[in-house]
Amino acid sequence: MRKFDTRIQDLKYRVLKETARRAWDGTLLDGILDIPDIIIPGKKPTMRCCIYKEKAIVNERIKLAMGGDKSNPNVIEVIEIACDECPVGGYEVTRICRGCLAHRCVDACKFGAIYLDENQHAVIDKSKCKQCGACSRVCPYGAIMDFKRPCQQACKVGAISINEDFEAKIDNDKCISCGACVYQCPFGAISEKSYILDVINHIKDSDGGKNYKTYACVAPAIASQFVYAKTGQVISGIKELGFDEVVEVALGADMVTMHETEELLEKGVLTSSCCPAFVDFINKNFPDMLPYVSSTLSPMAMIGKHIKEMDPTAKVVFIGPCTAKKMEMKKENVAPYVDTVITFEELQALLDSRDIDITQLEETPINDGSYYGRIFARVGGLTDAVKEGIKEKGIEDFEAKPVVCDGIEECKVALLKLRKNILDGNFIEGMACQGGCVSGNGCLTHMAKSRMDVEKFGKEAEKQTISDALSETK
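Residues numbered from 1 in each chain as written. Predicted model: local features only at pLDDT ≥ 70, side-chain atom pairs only at ≥ 80, totals over all residues. Heavy atoms only, no water.

**Quick notes on the sheet that holds strand β9 (residues 214-218)**
In a beta sheet, neighbouring strands pair by backbone hydrogen bonds and run either parallel or antiparallel. As a reminder of what qualifies: Strands were regarded as paired on the criterion that DSSP finds at least two bridges between them. Under the scheme used here, helices are H or I runs from DSSP no shorter than 4 residues and strands are E runs no shorter than 2 residues, and both carry numbers assigned from the N terminus. An axis is simply a line fitted to the C-alpha atoms; with a helix, the fit covers only the stretch in contact. Between two such axes, the angle follows the N-to-C directions and lies from 0 to 180 degrees. Any two residues having at least one pair of non-hydrogen atoms within 4.5 Å are treated as being in contact.
Read from one edge to the other, the open sheet built from 4 strands follows the order β10-β9-β12-β13, with strand pairing classed as parallel. Strand pairing shows two members of the sheet lacking a second neighbour, β10 (245-248) and β13 (340-343), which therefore form its edges. With direction set aside, neighbouring strand axes in the sheet form an average angle of 25°. The sheet contacts of helix α11 (residues 249-267) involve β9, β10 and β12 (315-320), and relative to β10 the element is tilted by about 40°.

As structure tokens, then:
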């Protein structure tokens, strides 16, 4: 029964599971030192140069499972001891080099970083190279190429560099916490902080609902995850963990749709506010475009606000595919409504830490959101929902011209066009992850058919219109 795409996800999961198991039992502090021996029981290394390094890396993962470095405001952290196996990367002279007479590369380098070997082939001295790319641009054969590390290649905002020890370094001023580097790092040297201990404490301290109720708010992307079981069985598993209520974030998406529809009609031009990584990207790279950003809370915050208004003592836990949500929950306008955030990966670890086999459970129905709220999980879903919102409001003299941005690079292009007043559209749907939330970096799996799973989940909704879903919240 395969649960994850990669062995790195499995390693992270096993650390989370063992940490959670001890937290449930109240023996975490007494048993932390035993966890590396459970994760790596043998005496021979399986992934690294030696068993001691493997266990040292596990120890760093345990720290992340317990909340990570409190002095670092970012939820994404580098496990430095794990980041030493990738080539340095940067500009390299390939075998295409002909050792030509011109040697333009040597002349173009202002730092003396290129010299010629005995065959007159160019060689780059990494200690002098400044990664300016001048040599690559003048080579007539295109023989000098820029090889980036997987983490740098994955990061579309240029937040990752290499420090003096050749380890990855994250610039928090540029990072949007999307987690792309986490999923793409082939050695698992970049990971996100976990708040599963907060979830366990919320459930334990509630004392079975006697002190307060705990609400699990599940993102609609859940329909594309836990492929070995049915969605209703996952909901039952969440209840088995001790949550008092399980609520669809799709209902919050329905609320967002109507608010953003009204705002679009009022302003005429708008960008979405559902994806926290996209909003953070605008904040850090296009601050002049902030007036166009919808003031509407995200579906996570909207459903949390709705729950807190009904039950002020409630503890709200968001469960979804997104690492950026862990940053969003810290925002001043969101913190009052969401107590903590975990990913689908962490949910799997929690379930297994309590030996809950969801395949053996009866299905628990969940029918809070509409079809349109559920399809927020895939790229283009918000756009479809806003069009429906305009239709349900009976507006006939306004044409929505959406620009759907699939990934942060497309978001950048659309924002540049908006800045120059050449955007052919009046509503930007920004998704930092390609494919939308179904490809979030907190997912168990990133399958091609995830979009179809979400579409099917949407069609199974009892409420097929947004108005029907919202009618029960009044």
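Having put the structure on the table, let's press on.
**As for unusual backbone geometry**
A positive phi angle, near 60°, is found at Q131, a position not held by glycine. Residue position: Q131 is located in the loop between β4 (122-124) and α6 (134-138). Of note, the phi angle at F226 is positive, near 50°, even though the residue is not glycine. Mapping F226 onto the fold places it in the loop between β9 and α10 (231-241).

**Considering the pairing of β9**
Which entries qualify depends on this criterion: We call a residue buried when its accessible area falls under 20% of the maximum for its residue type, exposed when it is over 50%, and partly exposed in between, using a 1.4 Å probe and counting protein chains only. Orient the strands so they point away from the viewer; a crossover is then right-handed if the path from the first strand over the helix to the second runs clockwise.
Counting buried residues along β9, 5 of its 5 residues qualify, which places the element largely inside the surrounding structure. Neither face of β9 is open: one carries T214, A216 and V218, the other Y215 and C217, and all of them are buried. Relative to β12, β9 is paired through 5 bridges, and the arrangement is parallel. Of the residues in β12, the one forming a bridge with V218 is I319. Looking at chain direction, β9 and β10 are connected through 4 bridges and run parallel. Within the sheet, the bridge partner assigned to C217 lies in β10 and is V247. This β-α-β element, β9 to α10 to β10, shows right-handed connectivity.

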